[in-house]
Amino acid sequence: MTPLQLRGQAIAERLRGEGKERAPMSATAGPRIGVALGGGSARGLTHIPYIEAMDELGLKPSVISGTSIGALIGAGWAAGMTGQELREHSFEVLGTMRIIASKLWATQIRGIGGILKNGISMQLDATSIVDAFTPPDFPREFKDLKVPLYVVATDFQSWHQVVFNSGLLRPAIAGSIAIPSLFKPVVYDNHILVDGGVVNPLPLDQADMDTDFLIGIDVNGDPSDGIAKTDHKALDIWFGSAQIMMHSLTAHMMAAYPPDIYIRPHVTSFGALEFWRVREILAHAEGEKDRFKRILAYKIEAYLAGKVPVLESN
């Protein structure tokens, strides 16, 4: 085992020991951890290595919040899937363009009645996408999850965020991932829903609920990789403009709810819709995963040693 793995094993054993002496504070004994998983389309697959890092340290969150793909991956995590299981599932359903195309075509065939009546729509149906790309035994309702989950979407009519943490799970996730123009809006629970990233791309406010540590994983990217590029395509401009907007919104959210650990991997080299590059995306995040483990292990050790005061959450 590497020194970091040994350190993680020691933390896990100490957490179990702490749990015998006091009431449990999380899904495992120890500090209550809130994790906010941000939106970023295909770049959001980088959430998976960080989930694996927490698994390897023997840590589980007490609260998970997610926007867009962060809501989708967060739902799998909250349902009890490990980081490794999320990785394997992503390879299975996103591993090649052919696999993705076959699943997308299957969702269109499923709505063949609507196609015959209204013609072929260039917009995807978010609910069908959630059905197609989640495991067959995926929970039906929020109450079936093992960890509390808060899913953020945008109400197109009121211009406000909508947060779901009860009721049906799939339509809430569908609303959260419904990127404007690419997906049809999702009509659910008296709302017309579009992507949660329009109002809250990194939902720290929803993860900061009676927790000791707040972790924000921002997969929106940064301008560093393309700052000298000038030959942008129309789609690049559209998604890039959305990234700029989400960066500004995240900055305001972090000012109001400062995370104890903030991670922003360099993922701009991957296109927003390049899901078929899942293996490259996850491999790219491995170095950041180790850095995250070191930071988190240090924070947990400091907490257990009584060096970190527990602050009231916002």
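The preceding data block contains the structure.
Residues numbered from 1 in each chain as written. Predicted model: local features only at pLDDT ≥ 70, side-chain atom pairs only at ≥ 80, totals over all residues. Heavy atoms only, no water.

A.B. asks: Could you clarify how one ought to interpret the overall build of the protein chain in this entry?
C.D. replies: The number of helices and strands found in the protein chain is 12 helices and 8 strands. The buried share of the protein chain, taken over its 314 residues, is 48%. Taking all contacts inside the protein chain whose residues are at least 6 apart in sequence as the whole, residues at least 24 apart take part in 78%. (Helix = DSSP H or I, 4+ residues; strand = E, 2+ residues; numbered from the N terminus. Buried < 20%, exposed > 50% of the residue type's maximum accessible area, 1.4 Å probe, protein only. Contact = heavy atoms within 4.5 Å.)

A.B. asks: Would you mind showing me how to read the packing of helix α3 (residues 69-78) against helix α8 (residues 170-177) here?
C.D. replies: Helix packing geometry: the angle between the two helix axes and the distance between the axes. As a packed pair, α3 and α8 sit with axes 7 Å apart at the nearest point and diverge in direction by 150 degrees. Put simply, α3 runs roughly antiparallel to α8. Across the interface between the two elements, Ile69, Ala71, Leu72 and Ala75 of α3 pack against Ile173, Ser176 and Ile177 of α8. Along the lines of polarity and charge, the residues of the contact of α3 with α8 split into 6 nonpolar, 1 polar and no charged. (Axes fitted to C-alpha atoms, helices over the stretch in contact; angles between N-to-C directions. Parallel < 35°, antiparallel > 145°, perpendicular 65-115°, else oblique. Nonpolar A, V, L, I, M, F, W, Y, C, P; charged D, E, K, R; others polar.)

A.B. asks: What is the right way to look at the nonpolar core in this model?
C.D. replies: Soluble, globular proteins show a tendency: their nonpolar side chains are buried together. Judged by nonpolar contacts, the single largest core of 67 residues is most densely connected at Met54, Leu149, Phe164, Ile215, Phe292 and Leu296. When near neighbours in sequence (up to four residues on either side) are disregarded, Ile215 contacts Ile33, Gly34, Val35, Ala36, Met54, Leu204, Ile261, Phe292 and Leu296. (Core = buried A, V, L, I, M, F, W, Y, C linked by side-chain atoms within 4.5 Å.)

A.B. asks: What is the right way to look at the pairing of strand β7 (residues 213-217) in this model?
C.D. replies: Along any regular strand, the residues point their side chains to alternate faces of the sheet. Counting buried residues in β7 gives 5 out of 5 residues, a clear majority hidden from the surface. Of the two faces of β7, the one holding Phe213, Ile215 and Ile217 and the one holding Leu214 and Gly216 are both buried throughout. Where strand β1 (residues 33-37) and β7 come together, 5 bridges link them in parallel fashion. Among the inter-strand pairings, Ile33 is bridged to a residue of β7, identified as Phe213. Bridge analysis of β7 against strand β8 (residues 261-263) gives 3 bridges, and the strand direction is parallel. Within β8, the position partnered with Ile217 by the bridge is Ile263. (Pairing = 2+ DSSP bridges.)

A.B. asks: Sorry, what's going on with unusual backbone geometry here?
C.D. replies: Most peptide bonds are trans, and most residues other than glycine sit at a negative phi. Residues other than glycine seldom take positive phi values, yet Ser68 does so here, at roughly 55 degrees. Judged by its relative accessible area of 5%, Ser68 is buried. With a phi angle near 55 degrees, Asp189 is a residue other than glycine that sits in the positive phi range. By secondary structure assignment, the location of Asp189 is in the loop between β5 (186-188) and β6 (191-194).

A.B. asks: Can you walk me through the side chain of Gln243 in this structure?
C.D. replies: Structurally, Gln243 is set in helix α10 (residues 234-256). The exposure class assigned to Gln243 is buried, which follows from its relative accessible area of 14%. Other than its neighbours up to four places away in sequence, Gln243 contacts Arg43, Asn220 and Gly221.

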